[in-house]
Amino acid sequence: QVQLVESGGGLVQPGGSLRLSCAASRSIFSMYIMGWYRQAPGKQRELVARIASGGSTNYADSVKGRFTISRDNARNTVYLQMNSLKPEDTAVYYCNANRLGTITNYWGQGTQVTVSS
């Protein structure tokens, strides 16, 4: 089992920045793809960004150039730096760990991000 705990959400004005953190309960990055997803009211959950065990990353088109996913192996923590935030970025953001080559997935509890003036 893997526990994921997100933090860092909140209310921010358009154009502002937030950094989300996802702490894993143990060292898993070598065996898992780590990702951030989000779900806005009335919409399906969507992928925001992922980082593979080798460090390669990919992003949703809507956040390219504004969001950056990274990780700190020593702290078992994945980050999502969000810059130039827009109202349409408002959602609950979830951390995900997907074990390589399997359907095994773990989710965090989610953290609310609200972009509003």
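Note that the structure is predicted; figures quoted are calculated from it, not measured.

The rules behind each value
Residues numbered from 1 in each chain as written. Predicted model: local features only at pLDDT ≥ 70, side-chain atom pairs only at ≥ 80, totals over all residues. Heavy atoms only, no water. Helix = DSSP H or I, 4+ residues; strand = E, 2+ residues; numbered from the N terminus. Rg over C-alpha atoms; globule rule 2.2 N^0.38 Å. Buried < 20%, exposed > 50% of the residue type's maximum accessible area, 1.4 Å probe, protein only. Contact = heavy atoms within 4.5 Å. Areas by Shrake-Rupley, 256 points an atom, 1.4 Å probe, with all protein chains shown as cover. Pairing = 2+ DSSP bridges. Axes fitted to C-alpha atoms, helices over the stretch in contact; angles between N-to-C directions. Polar contact = N/O pair within 3.5 Å; in protein donor to acceptor, adjacent residues only side chain to side chain. Core = buried A, V, L, I, M, F, W, Y, C linked by side-chain atoms within 4.5 Å. Salt bridge = Lys/Arg side-chain N within 4 Å of Asp/Glu carboxyl O.

A. Molecular detail of the overall build of the protein chain. From N to C terminus, the protein chain includes 0 helices and 11 strands. Ordered by position from the N terminus, the helices and strands of the protein chain form the series β-β-β-β-β-β-β-β-β-β-β. Here the protein chain has a C-alpha radius of gyration of 13 Å; the compact-globule value for 117 residues is 13 Å, and the two agree. Considered along the principal axes of its C-alpha atoms, the protein chain spans approximately 40 × 25 × 25 Å. Sorting the 117 residues of the protein chain into buried and exposed places 43% on the buried side. Contacts in the protein chain between residues far apart in sequence, at least 24 positions, make up 53% of those at least 6 positions apart. Approximately 6,100 Å² of the protein chain is accessible, and the part contributed by carbon and sulfur atoms is 47%.

B. Here's a closer look at the sheet that holds strand S1 (residues 4–7). The strand order S1-S3-S8-S7 describes an open sheet built from 4 strands, whose pairing is antiparallel. Either end of the sheet is taken by a strand with one partner, and the two such strands are S1 and strand S7 (67–72). Mean inter-strand twist for the sheet, computed between neighbouring axes without regard to direction, equals 15 degrees. Judged from the 6 bridges that link them, strand S3 (residues 18–24) and strand S8 (residues 77–82) form a sheet pairing that is antiparallel. Opposite Ala 23, over in S8, you have Thr 77 as the bridge partner.

C. Seen up close, the pairing of S1. In S1, alternate side chains face the same way, and those of Leu 4 and Glu 6 are buried while those of Val 5 and Ser 7 on the opposite face are not. The pairing of S1 with S3 spans 4 bridges and is classified as antiparallel. By the bridge assignment, Glu 6 is partnered in S3 with Cys 22.

D. Just the side chain of Asn 98, in detail. Within the fold, Asn 98 resides in strand S9 (residues 91–99). Reaching out from Asn 98, the side chain makes a polar contact with the backbone oxygen of Thr 104 at a distance of 3.2 Å. Apart from residues lying up to four places away in sequence, Asn 98 is in contact with Met 31, Tyr 32, Ile 33, Ile 103, Thr 104 and Asn 105.

E. Main features of the nonpolar core. Judged by nonpolar contacts, the single largest core of 32 residues is most densely connected at Leu 4, Met 34, Trp 36, Leu 80, Met 82 and Tyr 93. Those elements that provide at least two residues to this core are S3, strand S4 (32–39), strand S5 (46–51), S7, S8, S9 and strand S11 (111–115). Discounting residues that sit within four places of it in the chain, Met 82 has contacts with Gly 16, Ser 17, Leu 18, Leu 20, Arg 66, Phe 67, Tyr 93 and Val 113.

F. The pattern of salt bridges, seen in detail. Counted under the stated rule, the structure contains 5 salt bridges. Taking the shortest distance from any N to any O, the salt bridge between Arg 38 and Asp 89 comes out at 2.9 Å. Taken together, the residues Arg 38 in strand S4 and Asp 89 in the loop between S8 and S9 connect sequence positions 51 residues apart. Each member of the pair, Arg 38 as well as Asp 89, is classed as buried. Between Asp 72 and Arg 75 there is a salt bridge whose closest N-O contact spans 3.0 Å.

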